[in-house]
Amino acid sequence: MKFKIIPVLLLTVMSGFSSRLFSQSKNSYFYEIKVYHLANQEKEAIVDDYLKKAFLPALNRNGVKAVGVFKPIGNDTSQDRRIYVLIPFKSAKQYADMSDRLEKDQQHAESGKLYLDAAYNKAPYIRMESIFIKAFANMPNLQIPALKNEPQKRVYELRSYEGPTEKGYLRKVHMFNQGGEISLFKRLGFNAVFYGSVISGSRMPNLMYMTSFEDIASREKHWDAFRTDAEWKKLSAMDFYKNTVSKSDIILLHPTEYSGI
């Protein structure tokens, strides 16, 4: 079976922030994932306070809603403590303009003073990553899962699939969209939040997606159903989709009590 690789996908990988990429994405969301790396519980509390009282309210005032804030299950105090912030933007321009908007937001400056005015030798985090993602065509907008369990039991699963080459990566993107993997996840009730191509980040080429579950047991049950599904077995057996992932990461997260999703 032969498939046609859409040229704009290759442009996405090779050219990053090109005018053509953005002009063809009017109906697709862009996502930024901020990852805060923290030294200890005290620093974590400072970042939590900033996100809850200053950053998320400022994003909401400036038209960005449903911002997710998550922490890895078993956030280890002796190793790398992390906070993940998922920010959905309706356009690349909204993303590009946000820094200026926040800088002019006096309420943000006042509410986030402890974090924003921290001394150079008392920084609230060790390092902060930023990953910029363009939504996949077959799921162009953020979806808020309708989970009923209490937040501390919910599980959000963030996956990252790096490709061995640009062409290999594009075949994996094709598998999600034209190949039908997104539809398969939907049929099996994975409560996906987003799927997208990383267009700026430290790991390239790369795609990332997030699914959600009521709890750990629900997650295991869903993945068991996925692995044994006839459609998945047929899809994964196709030569066209083989050897398209060189490295994968799976991060299980709980939402914070102030998370927007």
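Higher on the page you've got the structure.
A brief look at the structure comes next. Keep in mind that what you see is a predicted model, and the values were worked out from it rather than measured. (Residues numbered from 1 in each chain as written. Predicted model: local features only at pLDDT ≥ 70, side-chain atom pairs only at ≥ 80, totals over all residues. Heavy atoms only, no water.)

## A word on the pattern of salt bridges
For the coordinates displayed, the defined rule picks out 22 salt bridges. Its salt-bridge partner being glutamate 32, residue lysine 34 comes within 3.6 Å of it at the nearest N-O pair. The pair lysine 34 / glutamate 32 is uniform in exposure class, with both members buried. Residue arginine 219 is joined to glutamate 157 by a salt bridge in which the shortest nitrogen-to-oxygen separation is 2.7 Å. One end of the pair, arginine 219, is in helix 9 (residues 216–228); the other, glutamate 157, is in strand 5 (residues 155–162), and 62 residues separate them in sequence. Like arginine 219, the residue glutamate 157 is buried in the burial classification. Residues joined in a network through salt bridges with shared partners are Glu44, Asp48, Lys71 and Arg81. (Salt bridge = Lys/Arg side-chain N within 4 Å of Asp/Glu carboxyl O. Buried < 20%, exposed > 50% of the residue type's maximum accessible area, 1.4 Å probe, protein only. Helix = DSSP H or I, 4+ residues; strand = E, 2+ residues; numbered from the N terminus.)

## Side note on empty space enclosed by the protein
Going through the model one piece at a time under the given rule, you end up with 1 cavity of 30 Å³ or more. What the largest cavity holds in volume is close to 40 Å³. Along the walls of the largest cavity sit Ile33, Phe70, Tyr84, Val85, Leu86, Leu158, Phe194, Met210 and Leu253, which together make up its complete lining. Counting residues per element, the lining of the largest cavity draws most heavily on strand 3 (residues 81–89), which supplies 3 residues. (1 Å grid on protein atoms, 1.4 Å probe; cavity = no way out; pocket = protein on both sides within 12 Å on 5 of 7 lines; lining within 4 Å. Points joined across faces, edges and corners; volume = space filled by probe spheres on them.)

## Points about the pairing of strand 6 (residues 194–200)
Counting buried positions along strand 6 yields 6 of 7 residues, so the element is predominantly enclosed. Two elements, strand 6 and strand 7 (residues 206–213), share 4 bridges in a ladder whose sense is antiparallel. Bridging across to strand 7, glycine 196 finds its partner in methionine 208. (Pairing = 2+ DSSP bridges.)

## Digging into the packing of aromatic side chains
Tallied over the entire structure, the rule returns 29 aromatic pairs. Seen in terms of ring centroids, tyrosine 29 and tyrosine 31 are 6.2 Å apart; in terms of plane orientation they differ by 45°. Their pairing is tilted. Pairing tyrosine 50 with tyrosine 115 gives two aromatic rings, centres 3.8 Å apart and planes at 5°, and the pair type is stacked. In this pair, tyrosine 50 sits in helix 3 (residues 41–61) while tyrosine 115 sits in helix 6 (residues 113–116), placing the two residues 65 residues apart along the sequence. Across the pair, exposure class does not vary: tyrosine 50 and tyrosine 115 are buried alike. Every member of this aromatic cluster is reached through a ring pair, and the members are Phe136, Tyr161, Phe176, Phe185, Phe190, Tyr195, Tyr209, Phe213, Trp223, Phe226 and Trp232. Here arginine 159 stacks its cationic end above the ring of tryptophan 223, 4.0 Å away from the centre of that ring. (Phe/Tyr/Trp six-rings, centres within 6.5 Å; stacked < 30°, edge-to-face > 60°. Lys NZ or Arg CZ within 6 Å of the ring centre and 35° of its normal.)

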